[in-house]
Every structure is written in C-alpha cells, then in structure tokens.
Amino acid sequence: MMFDVNLSDGGRVVTITRSGQPPARFHAVWLRDNAWDPATRAPGNGQRLITLADIPRDTHVSAASVEAGQMILVFEPENKTVRYDIDELLTQRYDQTKPRRPGWTAEQVKPWDAGLMGSVPVASLPHIQVHEASKHAWLEQVARYGFGKLTDGPVRDGALFEVVDLFGYVRETNYGRNFEVRTEVNPTNLAYTGLGLQAHTDNPYRDPVPTVQVLYCLESSAAGGENMVVDGFACALRLRDENPESFDLLTRYCARFEYAGEAGVRLQSRRPMIELAPDGELVGIRFNNRSAAAITEVPFDEMEAYYAAYRHFAEIIDDETMEVTFRLNPGESFVLDNTRVLHARKGYSGAGTRWLQGCYADKDGLYSTLAAMQSRREAAE
C-alpha cells in the first residue's frame, strides 16, 4: 500500500497519507519521544532510556522519506535518524476527533444483562491449565464480560490458588491470603450468614480496591445459595440513558465506605459509586450498601437528588433482567472483575453445608498474561 509523508509547521508536524484513508498527523516531539531505536528504548523490555528533558525543546524533522513500509525521519537539532513501522504507527494515531458521551467504555468491553445467561464464559480448569489456546480464549471472555466460570477443579482446601496461578498473584488482605464463606454464629460480616445478599462489589473501603475476586466451591449440599452476577457497567449506562442527571450526580460526588469489624482494622475510602476517567471513560463501580458510610461530600441543595439517583441505581442493579444466575458445585469457581461486576447470593437454608473459599488478585496480572499470549500467537502466525 502506498504512503506519502509530508512536513509542515517548520517540521514540527509530520503527516502520513495512505490511499483511501484520511491523513494522520503527528507532532515531531511525540514521534521523537516514541521512537523505538535502541538508544531510546531498551531492546529487552521496551523501557524508555531517556527523559523528556533529553529531547530538545525545538525538536523538528528536517527530512522524511518512505522505504519498504517504513517511515524514515531525521530529527534536528540532534541530527538523529529514526525508522518507524507505518502500520504500527497508525494504530497509535491521535489525530482524530471522537466526540464521546461520558460513560463510554473501552472497545474490548461488552456490557451485558440477563441475555448472557445462555452464554456464560465457562471453561474446564484442568483443560486450560495445559492448553494455551483455550486459556487465551477464556481470559479474553473474562476481559470482555468481566467474569468467567471454571469447572472440573479439585475439591481440596486451597485449590482456588490454582485459579489465580492462571493469570497472576494473590493479593493478601487483613482477611489473609484467602477467606472462608460459610454459615457461622454471630458473624462480623453478613457474607457468612444464610441470608441472601444484594449484588455488590467487594471491599469498596480499600484504596486501591482489589480488582479481581475468585470464589471457589468446596461443599454445596444446602438448598439455594445460587450465585448471581450483575454488570455494573451495563447498569451505569442504563442509568445514564434513563436519567442523565442521576448519572452525573453519582459520577461527580464521592461516596464514603468503611469497615471496622475486627480489632486493629479501620478501612476507609472515598470514591464515586460510578467512576469516570478524566476523558469520560467508565472505569469503575463501587456499590456496597453494607459498607457505605454517611455521605457527606454532596452539597445540601443536591443531597435529595443524590439519594434519588442512588435509589434509581440500586433499583437497576436489583432488576432481575440485569442478572445472570448460576450455581457453583464442588470443584467449580468463578473469577470476576471487582471494579465492574457486582456479585450476590440467593438465600439458602440451614440444612446441609455450603463452603466457599475466596481470595483477591489484580487485573494487571490478568491483562498482562492475556497480552503476552496474544503476542506469542501473533509471532507464531
């Protein structure tokens, strides 16, 4: 495919034109900062070897040419020649206007509701432990939908760590490396009782919040107790569409969360229930009525409207059309993105036993594993 490269603004702007596509402009300082020559980036790990202070303020391009799909630029006043793969460079173009409504989501994220019930991401744990292609496919679904189920696992204490080993490392908390979920007398945390639980995200009182949760079933003879998941992103987008003012309130003001259920522990955080990045991307949900502290960040004149928005959001979360329900049997588990997917449990009877183990991990490990597998796949093609 033919490319043309032109300089403008005294060499401070480089424009790449490819037939049939709009031109892409790049600033000279951006191109210099993102050069991949071995003097700029470490060949082994890609870490940058220079700082912005090492790039002259008056950086500009004095010459540009195209050769075999590569763009060759000469930077002044360094008199430095750098080659760029044009196809790769165009995947990083920023010269495009994309008006986005607050609450937009990344391309790989797919919001869902109860319609996903028949297509729950599921895989066999022993199978994906030895088959990378199947593991890659399952992790892609976890990244897309925010959760995934595993079957055929061993029924033994600590087996949940094998799930974390698929993609990362356990995040230890004051609960330990893992925690037990079963009926107890006089519990300090409602998760251990036979009552049903409202859909919620875990540990909103932590900063940073654990971004991945694993729940693993070891015993399940009690009636009921089905697990339920709700896509918090889908709920937030529905709130935005039904009442933009309510969406704005829950993104603009911080709620507060706290936990002090044991000696020597008092965890506190303040974050919006619906968190947006500065450019409006929907990046996180914190919703847990049990751990909510008094809301004090909202001005008096807006507090009633805030509570109305809070109620509306809760009603959407509680709507059965938003939930996916499944039962965990011994040796089965599920992984969820705790910054996006809320989970709950139906009530169960006291007859029989119900024993789950849980632990936390972080999304950076999951996404790193997924990206590394994708790179290996592309290199093999």
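Residues numbered from 1 in each chain as written. Predicted model: local features only at pLDDT ≥ 70, side-chain atom pairs only at ≥ 80, totals over all residues. Heavy atoms only, no water.

Throughout the structure, instances matching the rule amount to 13 aromatic pairs. Consider the rings of Phe 147 and Phe 326, whose centres lie 6.5 Å apart with planes at 0°: the pair is stacked. Remark: Phe 326 occurs in strand E17 (residues 323-326) and Phe 147 occurs in strand E8 (residues 147-151); sequence separation between them is 179 residues. One exposure class covers both Phe 147 and Phe 326, and it is buried. Relative to Tyr 310, the ring of Tyr 307 lies with its centre 6.1 Å away and its plane at 45°, an arrangement referred to as tilted. Here Tyr 310 and Tyr 307 lie together in helix H8 (residues 300-318), a separation of three residues that amounts to about one turn. An aromatic cluster of at least three residues, connected via ring pairs, comprises Tyr 175, Phe 179, Tyr 205, Tyr 259 and Tyr 360. (Phe/Tyr/Trp six-rings, centres within 6.5 Å; stacked < 30°, edge-to-face > 60°. Helix = DSSP H or I, 4+ residues; strand = E, 2+ residues; numbered from the N terminus. Buried < 20%, exposed > 50% of the residue type's maximum accessible area, 1.4 Å probe, protein only.)

Side-chain pairing between opposite charges can occur once the charged atoms of the two side chains come close. If you walk through the whole model with that rule in mind, you get 23 salt bridges. Here Lys 80 and Asp 37 are joined by a salt bridge, their closest N and O atoms 2.9 Å apart. Here the residue Lys 80 occupies a position in strand E6 (residues 80-85), and Asp 37 occupies one in the loop between helix H1 (28-33) and strand E4 (60-67), the gap between them amounting to 43 residues. Residue class for Lys 80 comes out buried when judged on its relative accessible area of 17%. The partner of Asp 231 in a salt bridge is Arg 340, with the nearest N and O atoms 2.8 Å apart. In this pair, Asp 231 is assigned in strand E12 (residues 227-231) and Arg 340 in the loop between strand E18 (333-337) and strand E19 (341-345), connecting sequence segments 109 residues apart. Given the relative accessible area of 0%, Asp 231 is considered buried. Overlapping salt bridges, with partners in common, bring together Arg 101, Arg 240 and Asp 241 in one network. (Salt bridge = Lys/Arg side-chain N within 4 Å of Asp/Glu carboxyl O.)

Counting through the fold element by element, Lys 149 comes out in strand E8. Apart from the residues within four sequence positions on either side, Lys 149 is in contact with Val 120, Pro 121, Val 122, Ala 123, Trp 138, Phe 326, Arg 327, Leu 328, Glu 332, Ser 333 and Phe 334. (Contact = heavy atoms within 4.5 Å.)

Our focus in this paragraph is the packing of helix H6 (residues 232-242) against H8. Contact pair H6 / H8: the axes reach a minimum separation of 9 Å and the direction vectors enclose 130°. Viewed along their axes, H6 and H8 adopt a mutual orientation that is oblique. In this structure, H6 crosses over H8, and the sense of that crossing is right-handed. For the pair H6 and H8, contact is made by Gly 232, Cys 235, Ala 236, Arg 238, Leu 239 and Glu 242 and by His 312, Phe 313, Ile 316 and Ile 317, respectively. Grouping the constituent residues of the contact of H6 with H8 by class yields six nonpolar, two polar and two charged. (Axes fitted to C-alpha atoms, helices over the stretch in contact; angles between N-to-C directions. Parallel < 35°, antiparallel > 145°, perpendicular 65-115°, else oblique. Left-handed = near helix turned anticlockwise from the far one by under 90°. Nonpolar A, V, L, I, M, F, W, Y, C, P; charged D, E, K, R; others polar.)

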